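Observations on the three-dimensional arrangement
Residue strings, one per chain:
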Amino acid sequence: MRLAIDHTTHYVFSGPVSRGMQRLRLKPKTSSGQRVLEWSMHFDGAQAQVEYDDPNCNNVTLISFEPGVQEVTIRCEGLVDTNDESGIIGKHSGFMPMWQFQEQTDLTRSGPRTRALLAGLTQDGNTLGMLHGLSALIRERVEYSTGHTDAATTAEGVLAAARGVCQDHAHVFIGAARALGIPARYVSGYLMMNDRVEQDAGHAWAEAFVEGLGWVGFDISNGISPDARYVRVATGRDYRDAAPITGIRYGARDESMHVKLAVEQQRVEQ
């Protein structure tokens, strides 16, 4: 499947920004199940400074704001060919040792609610089946609903609210998998929706390391393993490691942000 992606993030600041920088994890890499054919990034009100791979092998672009700017636009466009690999990514790569994905973070740390969740999980020695069961259990316990959580909400907080979005589902899954001794990580990327082209935001899911298979993806929010409709962009221990955009600025107190995203299948000429 060939997917065309057009992703624009537009910032408006309450006053002139004297200095500002952002770290962008918006460029996918060719990996298992996907091949990047084209990818370009355009900036208004900012300039690219350096590009590098972080410890998770994510492509990172560092940009700086033009002095005094009050609006910044970041636009990414690209074409990616994808295959359905049943969510299997395979062997581990990158500079992060595997034990890092067994350690809890502030966002994934398990507690009494995670232990209560795991009490309802069938554990019969089949790791892959158990992880699919965990995904289904989280989807049952945590309703997909916007406006109840934010980027700082922990896995325990999500379980307490019993509501959340894809990011929250991923954090609960990661925390629970790690509590079982299974390495797990967060994935940010894109998903082609079956019912629409225009979207409000990118997507997030989780991956767990299964002996004999390697990394395997689990989209808890949709109850499936990623297929050819998915494009992986960044991975990490939690959202903070794989966030599409993070940064700092000086000189403006407030900001508003608008995201415009289109993911659409393209016809491939034979």
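Throughout what follows, the structure given in this document is the object of discussion. Given the structure is predicted, the values throughout are model-derived calculations rather than measurements. Within each chain, residue numbers correspond to sequence positions counted from 1 in written order. Side-chain atom pairs in this predicted model are given and counted only at pLDDT of 80 or more, local residue features only at pLDDT of at least 70, and totals for whole chains, interfaces and linings cover all residues. The side-chain quantities take in all heavy atoms of the structure and omit both hydrogens and water.

Re the sheet that holds strand 14 (residues 230–236)
Whether two strands pair depends on DSSP finding at least two bridges between them. Strands are runs of DSSP state E lasting at least two residues, helices are runs of H or I lasting at least four, and both sets are numbered from the N terminus onward. Pairing is antiparallel across the open sheet formed by five strands, whose spatial order is 7-13-12-10-14. Every interior strand has two partners, whereas the edge strands, strand 7 (88–90) and strand 14, have only one. Sheet twist, expressed as the average angle between the axes of neighbouring strands with direction ignored, equals 35°. Pairing analysis gives six bridges linking strand 10 (residues 184–191) to strand 12 (residues 203–210), with the strands arranged antiparallel. Looking across to strand 12, one finds that G189 is bridged to H203. Between two residues, a contact is recorded if the distance between any of their heavy atoms is within 4.5 Å. Helix axes use the C-alpha atoms of the stretch in contact, all axes being lines fitted to C-alpha atoms, and the angles between their N-to-C directions lie in the range 0 to 180 degrees. Against the sheet, helix 4 (residues 166–179) touches strand 10, strand 12 and strand 13 (214–218), its axis set at about 155° to strand 10.

Topic: empty space enclosed by the protein
Points on a 1 Å grid over protein atoms alone make up a cavity when a 1.4 Å probe fits among them but cannot get out, and a pocket when they form an open set with protein on both sides within 12 Å along at least five of seven lines; lining residues each have an atom within 4 Å of a point. Grid points are joined across faces, edges and corners, and a volume is the space filled by probe spheres set on the points. Counted according to the given criterion, the structure contains one cavity of 30 Å³ or more. Its boundaries defined by the atoms lining it, the largest cavity holds a volume of some 140 Å³. If you go around the largest cavity, you meet 17 residues; those closest to its centre are S32, I89, P226, D227 and R232.

A look at the packing of helix 2 (residues 127–141) against helix 4
Viewed as axis vectors pointing N to C, helix 2 and helix 4 meet at an angle of 135°, and their least axial separation amounts to 10 Å. When the axis of helix 2 is compared with that of helix 4, the two are oblique. Both helix 2 and helix 4 take part in a crossing whose hand is right-handed. Facing helix 2, whose interface residues are L131, L134, S135 and I138, helix 4 presents H169, V172, F173, A176 and A177. Small angles under 35 degrees read as roughly parallel and large ones over 145 as roughly antiparallel, with 65 to 115 read as roughly perpendicular and the rest as oblique. In this scheme the handedness of a crossing depends on how the near helix is turned from the far one: anticlockwise by less than a right angle means left-handed, clockwise means right-handed.

Describing the pairing of strand 6 (residues 69–82)
Of all 14 residues in strand 6, 10 are buried, a share of seventy percent or more. Pairing analysis gives 12 bridges linking strand 1 (residues 2–17) to strand 6, with the strands arranged antiparallel. In the sheet register, L3 faces strand 6, and the bridge partner there is V80. Sheet topology places strand 3 (residues 34–44) next to strand 6; 10 bridges connect them, and they run antiparallel. Residue exposure (1.4 Å probe, protein chains only): buried if accessible area is under 20% of the type maximum, exposed if over 50%, otherwise partly exposed.

Focus: the nonpolar core
Think of a nonpolar core as a cluster: buried Ala, Val, Leu, Ile, Met, Phe, Trp, Tyr and Cys residues, connected wherever their side-chain atoms sit within 4.5 Å. Core analysis: the largest hydrophobic core is formed by 58 residues, its most contacted members being L131, L134, F173 and Y190. Per-element accounting of this core gives the leading share, seven residues, to helix 4. Those residues in contact with L134 that sit more than four places away from it in its chain are L117, L118, L121, F173, A176 and A177. Formed by five residues, the second largest nonpolar core is a distinct cluster that contains I89, M96, F101 and W215.

Section: the packing of aromatic side chains
Two rings from Phe, Tyr or Trp (for Trp, the six-membered ring) form a pair when their centres sit within 6.5 Å of each other. Planes less than 30 degrees apart are called stacked, planes more than 60 degrees apart edge-to-face, and all others tilted. Enumeration according to the criterion identifies eight aromatic pairs in this entry. Their ring planes at 5° and their centres at 6.1 Å tell us that Y11 and F13 sit as a pair that is stacked. The pair Y11 / F13 is uniform in exposure class, with both members buried. A ring pair is formed by F13 and F65, whose centres lie 5.7 Å apart and whose planes are at 40°; its orientation type is tilted. Pair noted here: F13 is in strand 1 and F65 is in strand 5 (residues 59–65), with a separation of 52 residues, a long-range link. On the basis of relative accessibility, which here comes to 5%, the residue F13 falls in the buried class. It is R19 that lies over the ring of Y250; its NZ or CZ is 4.9 Å from the centre. Remark: a charge is flagged as sitting over a ring if the NZ atom of Lys or the CZ atom of Arg is within 6 Å of the ring centre and within 35 degrees of the ring normal. Cation over ring: R185 sits above W215, and NZ or CZ is 4.0 Å from the ring centre.

Looking at helix 1 (residues 112–119)
Of all the positions in helix 1, only T114, L117 and L118 are classed as buried. One face of helix 1 carries all of its buried residues, which in axial projection span an arc of 95°. Residues of helix 1 that are exposed and point more than 90 degrees away from the buried face comprise P112, R115 and A119. Its buried side turned inward, helix 1 meets helix 2, helix 3 (155–161) and helix 4. Each C-beta atom gives one direction from the helix axis, and the arc is the one those directions make.

Geometric descriptors of this kind do not, in isolation, establish any biological role.
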